[in-house]
Amino acid sequence: MLPNANDRRPPVRFGVAPRTDVSLVLPNANDRRLRRAADGIRWLLVPMGIIDTVYRVTERSVGPVAGLLIRLWLAKVFFVSGILKIFDLSVAPYLSNVAYPVPWVEPLSPTYLGAAIQMLIPVLLALGLATRWAALYMLILVLVVQFNYLALDINLYSAVLFGWFVICGAGPLSLDHLLARGLGDTALPFATALTRLASAVTRYLKPYYQLVLRLWLGLALLVVSLGAVIPIRLVKLLPGKSLAHFTPTPTLTLVCALLIAFGFVARPAVLVLIMTVVGMHITGSDGPADVYFVMTLALVGLYGPGRLSFDKWILDVLPQISGGQVFPLEGAPRVVIVGAGFGGLACAAKLAKIAVHVTLIDRHNYHLFQPLLYQVATASLSPADIAATVRGLFCDHLNVQVLLGQVTGIDTVQQGVLIGKRRIPYDYLVIATGASHSYFGRDEWEPYAPGLKTIDDAVEIRRRILSAFERAEAAEGPTERQGLLTFVIVGGGPTGVELAGDIAELVRYGMEKEFHHFDPASAQVVLVQSAPRLLPTFPETLSEKAKRSLERLGVEVMLKSKVDHIDQEGVLINGKRLASHTVLWAAGVVASPAARWLNASADRSGRVKVEADLSVTGLPNVFVIGDTALANAWKGKPVPGLAPAAKQGGAYVARVIRRKLQGQPAQPPFAYRHMGSLATIGRKAAVASFNGVNMSGAPAWWLWGVIHVALLVGLRNRISVMFNWFWAYLTFKRGTRLITGDERPLEAGINPTVRT
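Residues numbered from 1 in each chain as written. Predicted model: local features only at pLDDT ≥ 70, side-chain atom pairs only at ≥ 80, totals over all residues. Heavy atoms only, no water.

Novice: Help me understand the pattern of salt bridges in this model?
Specialist: Close approach of charged atoms allows side chains of opposite charge to pair. Per the counting criterion, the structure on display carries 11 salt bridges. Put simply, Arg267 and Glu59 hold a salt bridge, and the shortest N to O gap is 3.3 Å. Of this pair, Arg267 sits in helix α10 (residues 266–283) while Glu59 sits in helix α2 (residues 42–87), and the two are 208 residues apart along the sequence. Arg267 sits in the buried class, given a relative accessible area of 13%. You can call Glu59 partly exposed: its relative accessible area is 29%. Ionic pairing is found between Arg464 and Glu460, a salt bridge with its closest N-O pair at 2.7 Å. Pair noted here: Arg464 and Glu460 are both in helix α16 (residues 455–473), with a separation of four residues, about one helical turn. Look at the salt bridges and you will find they share partners, linking Glu460, Arg463 and Arg464 into a network. (Salt bridge = Lys/Arg side-chain N within 4 Å of Asp/Glu carboxyl O. Helix = DSSP H or I, 4+ residues; strand = E, 2+ residues; numbered from the N terminus. Buried < 20%, exposed > 50% of the residue type's maximum accessible area, 1.4 Å probe, protein only.)

Novice: Mind showing me how you'd approach the nonpolar core here?
Specialist: Side chains that are nonpolar tend, in soluble globular proteins, to be buried together. Of all hydrophobic cores here, the largest spans 65 residues; its most connected members are Ile386, Phe469 and Leu550. Top element by residues in this core is α16. It accounts for eight residues. Grouped together as the second largest cluster of nonpolar side chains are 57 residues, Leu345, Ile354, Val610 and Leu619 included. (Core = buried A, V, L, I, M, F, W, Y, C linked by side-chain atoms within 4.5 Å.)

Novice: Quick question: what am I supposed to make of the side chain of Arg463 here?
Specialist: Of note, Arg463 is situated in helix α16. Overall, Arg463 belongs to the buried group, its relative accessible area being 1%. Polar contacts involving the side chain of Arg463 include one to the side chain of Glu460, which spans 2.8 Å. (Polar contact = N/O pair within 3.5 Å; in protein donor to acceptor, adjacent residues only side chain to side chain.)

Everything listed is a geometric property; what it means functionally is a separate question.
Take a look at the structure:
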């Protein structure tokens, strides 16, 4: 049921004030005028939007690193200068009389005091501690030298860079940033006031400093391009000699000068100048202060021209360039997405840019990167490393509402999603609720063999693994200890293979010398697979390589083996009892109850059978994607339950909904594009298959790591995961070996690590 002209529903209110620098919801009076203006340049919006996204990603990722490098460079230069002043005694008398003249003090004392301060301040600058005050001291020192002793272009550039740190602070990669929140809410004298002062200085003065910086650079380049002589009064204020090598390119320099000064496409102009400087260095015609000139240009290139610029004015007039909204929210079609996994997020991200209300519902407030969940279970990563809050991902999109809740049903007649007694109406519904582990009708095994689908599952498995070692230390006999040190993984797919490899490395390399009554390396890791080979979806050669890699780690691989029974004593495999207090399930999955909610046909795994456009039969405005859907869209075969498949399905459904709303022809049938398969085995081996190209060993492991880090949501998560991996790789230590969770025993009291 689509909205019509007689629809009198009240508009959805989000309770969030619009951020004019990110999103803009237009009043109705201006809709037609600005829509006509947007239609006239529609062909430009896509490339300009991509460029703007690149700008923002570069500022958030490269900007902090560039700020750190600039601080380190300046600190190095002035630290070395301080050392030379202290240890070069031949210049001490000159410094005491000229550089630090204090007539009432013994001559050498102020020399050494000033040089010592000049050594301490760069250390603070490099660490990013009290950065603003350190930069302010260095700024005053540089200006004194420039106007009273020796005028150099390097001094001017240094002053500009120090001024930037005085106004803007050190950035994310600094101790100031790390301590700011705590210092701002402490009882330390003046701490709160100084923190607020720093924030106010950045908020109110940064735009004006960016304007002054652009005008200063533009004027200096303009003088060079016109071949003009700098007036005497401005000789010490403008860099002239360092830019003389731009004289052979007056037109280029003039254009860049004007673009930077007015803040119009300033970032491309800066990039052109930087590339020109690089080219001059290659040809040998470099200038004396090019490094400082490039660092100054980088401030404009990375952080933009600021609010007082033509670029910002254009974004205010055409906010859709930066993903802003230029449509009224009243009466917009309502799209409800159930599930904030890969598919749900991909669909919501696409729909956030068109004129619809999007309601994203999930039972958790975070998006989980499931491919790395097994590393949480084996104490390699923290849960926070592989999760990001859903609300934070869409805080800049006013037409996206995020709701925390457990869906209990769907009313397809009245078109509403039920969350308990609450009803969320929809015009279009997208179900992306994923899947859970399946025990093939033996659900009584679940308390003894947990699966791995959620953070709670991963934390519970981690608790069982680590508790097994703790209990083995206190075991009274070898039989009990052997049962505690036997880990059984059921299922030889990617999850089972990765779990087995990581547990094998944990027991052999992660805990040596920590237990006194047994050797952790004596633990037995058993991988049980009912199929004739591991990784059935991979080429057979890679399956064999994965098996050999696991066996080199000490894993016992049991193929063509059937699990007959699991209880708190262990597992029955092919009729033989194997004592184990830690059994993990990675053998099968079952879809969410979406088919029951929709009263739709499903396969044995509970996946909803969908049409070619991923809609449900008889419900053209209801779509099912990801692990919940059964779509024969992979060259006639069912689409696999992989993250790329879910993302492709989410983006496809968003395009279908957009075409329907805009009255365009129907979208072609969904076709899954398989990008490849990856699985890792331990710390230096993996297998990968990409459209017939197979890889294994260390190259596949590196490729696996790069791809998984790139797919993580959020820069913080990427940095944290890379650091933890690097630390574990060099030291063999796991940083999150914490035993947490429910420790209540079963009634028999035999296995206190089993959750009830």
